[in-house]
Amino acid sequence: MENSNTRRNFLKQTAILSTGTIIGSSLFNTAFASEKNTNSEKHILEAAIVNAEDIYTLPKLAYSYDALEPHIDVTTMEIHHKKHHQGYVTNLNKAIESLDKNLIDQSKTLENIFEKISKFPDSVRNNAGGHYNHSLFWTLMKPNGGGNPKGKLAEAINKDFGSFEEFKKQFSDASMKRFGSGWAWLVVQDGKLVIGSTANQDNPLMRLRGKGLKGKPVLALDVWEHAYYLKNQNRRADYVTSFWNVVNWDAAENLFNS
Ligand SMILES: [Fe+2]
């Protein structure tokens, strides 16, 4: 009976979603509605979206699919957002629906899920990571982006890496050296900026055993082949170079300051 109710709720929420009025998920939609929303990255980190009555949704981008041309091509952006990211959202909702509801009620936000990630099956780890990482990634790019960071983030980069050029070199190296699929990150760890990478859809917020990267994300780069193969084929280095032309440093600074 409970399963049937849960299923009904899921279907009901899917129907509500199509009208764009679902309340919990509006955090994401609001976050991506406008580039002027300086709190957008904070909203992602606070995203409280899921419980038995609610579902995750695909965030809208603050720019059009062709807005990052010629650096990131329109076809890649559209497929990446509409197909790949949507796939993580759809599969996360399916994975959550099949879980013990006590576990979900105690873990309503993505951050809470990441803190207890070892209690969840791989279907949640992979798809919650995929949803969070991509949601963050879209905000970290913008048309006419690139250039240099400013303010306190620029100061911290200079302090912890010596110079912006040295930071770019180390971040690019981390992007290139991640074998297979994964993400490169700039995070705040124990009050210091640290560069690293994670495999698959893991992220630095996940409490996983081992030496993996931990910290609060400031910058993220998707280095899965689906992020660049249509335009760059096997040339990941060209894609990383393109990324520097679209980085949204204002968003990164907001994350750093939050
Ligand atoms: Fe991706």
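Cut-offs used in this document
Residues numbered from 1 in each chain as written. Predicted model: local features only at pLDDT ≥ 70, side-chain atom pairs only at ≥ 80, totals over all residues. Heavy atoms only, no water. UniProt positions renumbered as here; feature names shortened; annotations may be inferred. Core = buried A, V, L, I, M, F, W, Y, C linked by side-chain atoms within 4.5 Å. Buried < 20%, exposed > 50% of the residue type's maximum accessible area, 1.4 Å probe, protein only. Domains from an automatic or database assignment. Contact = heavy atoms within 4.5 Å. 1 Å grid on protein atoms, 1.4 Å probe; cavity = no way out; pocket = protein on both sides within 12 Å on 5 of 7 lines; lining within 4 Å. Points joined across faces, edges and corners; volume = space filled by probe spheres on them. Nonpolar A, V, L, I, M, F, W, Y, C, P; charged D, E, K, R; others polar. Donors = N, O, S within 2.8 Å, 3.2 Å for Na, K, Ca; no water. Tetrahedral: all angles 85-135°; square planar, octahedral: opposite > 155°, others 65-115°. Helix = DSSP H or I, 4+ residues; strand = E, 2+ residues; numbered from the N terminus. Axes fitted to C-alpha atoms, helices over the stretch in contact; angles between N-to-C directions. Parallel < 35°, antiparallel > 145°, perpendicular 65-115°, else oblique. Left-handed = near helix turned anticlockwise from the far one by under 90°. Polar contact = N/O pair within 3.5 Å; in protein donor to acceptor, adjacent residues only side chain to side chain. Arc of directions from axis to C-beta.

By the naming in an unreviewed UniProt entry, the chain is Superoxide dismutase, taken from Flavobacterium flabelliforme. Its UniProt record gives the chain a comment under Sequence similarities (unreviewed entry), which states: "Belongs to the iron/manganese superoxide dismutase family." According to UniProt, the comment filed for the chain under the heading Catalytic activity (unreviewed entry) is "2 superoxide + 2 H(+) = H2O2 + O2".

Caption draft 1: Region of interest: the nonpolar core. Phe167, Phe171, Leu219 and Trp249 are the most contacted members of the largest nonpolar core, which has 65 residues in total. If you count residues domain by domain, this core takes at least three from each of domain 1 (2-58 + 72-139) and domain 2 (151-257). When neighbours within four sequence positions are excluded, Phe171 is seen to be in contact with Ala184, Trp185, Leu186, Ile195, Leu219, Ala220, Leu221, Phe243 and Trp244.

Caption draft 2: Just empty space enclosed by the protein, in detail. Evaluated as defined, the whole model comprises 2 cavities of 30 Å³ or more. In this structure, the second largest cavity spans a volume of roughly 30 Å³. Taken together, His71, Ile72, Asp73, Thr76, Ala227, Tyr228, Lys231, Asn232 and Tyr239 make up the lining of the second largest cavity. Partitioned by chemical class, the residues of the lining of the second largest cavity number 4 nonpolar, 3 polar and 2 charged. Mapped onto the domain boundaries, the lining of the second largest cavity takes at least three residues apiece from domain 1 (2-58 + 72-139) and domain 2 (151-257).

Caption draft 3: Layout of the coordination of the iron ion. Those donors, His80 (NE2), His134 (NE2), Asp222 (OD) and His226 (NE2), are the protein atoms that reach the iron ion, and they lie 1.9 to 2.1 Å from it. Classification of the site at the iron ion as tetrahedral follows from its 4 donor atoms and the range of 88 to 135 degrees in their angles at the metal. In primary sequence terms, the donor set of the iron ion follows H-x53-H-x87-D-x3-H. Of this pair, His80 sits in helix H4 (residues 74-97) while His134 sits in helix H7 (residues 122-139); the two residues are 54 residues apart in sequence, bridging distant segments of the chain. What makes His80 buried here is its relative accessible area of 2%.

Caption draft 4: The arrangement of the packing of helix H8 (residues 151-161) against helix H12 (residues 249-257) in detail. Viewed as axis vectors pointing N to C, H8 and H12 meet at an angle of 80 degrees, and their least axial separation amounts to 8 Å. By the angle class used here, H8 and H12 are roughly perpendicular. Taking contact as the criterion, the partners of Gly151, Lys152, Leu153, Ala156 and Ile157 in H8 are, on H12, Trp249, Ala252, Glu253, Phe256 and Asn257. Its residues placed into classes, the contact of H8 with H12 shows 6 nonpolar, 2 polar and 2 charged.

Caption draft 5: Region of interest: the packing of helix H9 (residues 164-177) against helix H11 (residues 236-243). At a closest axis distance of 10 Å, the pairing of H9 and H11 adopts a crossing angle of 145 degrees. As H9 runs across H11, the sense of the crossing is right-handed. Along its contact with H9, which presents Phe171, Ser172, Ser175 and Met176, the element H11 presents Arg236, Ala237, Val240 and Phe243.

Caption draft 6: Examining the side chain of Asn248 more closely. Positionally, Asn248 belongs in the loop between H11 and H12. Given a relative accessible area of 9%, Asn248 falls into the buried group. Engagement of the side chain of Asn248 in a polar contact is seen with the backbone nitrogen of Ala251, the distance being 3.1 Å. Sequence-distant contacts of Asn248, that is, excluding residues within four places in its chain, are made with Thr139, Leu140, Met141 and Lys142.

Caption draft 7: The arrangement of the environment of Ser197 in detail. Its location among the elements puts Ser197 in strand S2 (residues 192-199). When the C-alpha positions of Ser197 and Trp185 are compared, they lie 5.6 Å apart, and in sequence the two are 12 residues distant. Other than its neighbours up to four places away in sequence, Ser197 contacts Ala174, Arg178, Trp183, Ala184, Trp185 and Leu213. Of the polar contacts made by the side chain of Ser197, one reaches the side chain of Arg178; its length is 3.1 Å.

Caption draft 8: Looking closely at H8. Among all positions in H8, only Leu153, Ala154, Ala156, Ile157, Asp160 and Phe161 are buried. Projected onto a plane normal to the axis of H8, the buried residues spread over an arc of 165 degrees and lie on a single side. Away from its buried face by more than 90 degrees, H8 exposes Lys152, Glu155 and Lys159. As for H8, its buried residues are in contact with H9, strand S1 (182-189), S2, strand S3 (216-222) and H12.

Caption draft 9: Representation of the environment of Asn203 within the structure. With respect to the helices and strands, the residue Asn203 is situated in the loop between S2 and S3. Judged by relative accessible area, Asn203 falls into the buried class, the value being 2%. In terms of polar contacts, Asn203 uses its side chain to reach the backbone amide nitrogen of Leu205, at 2.8 Å.

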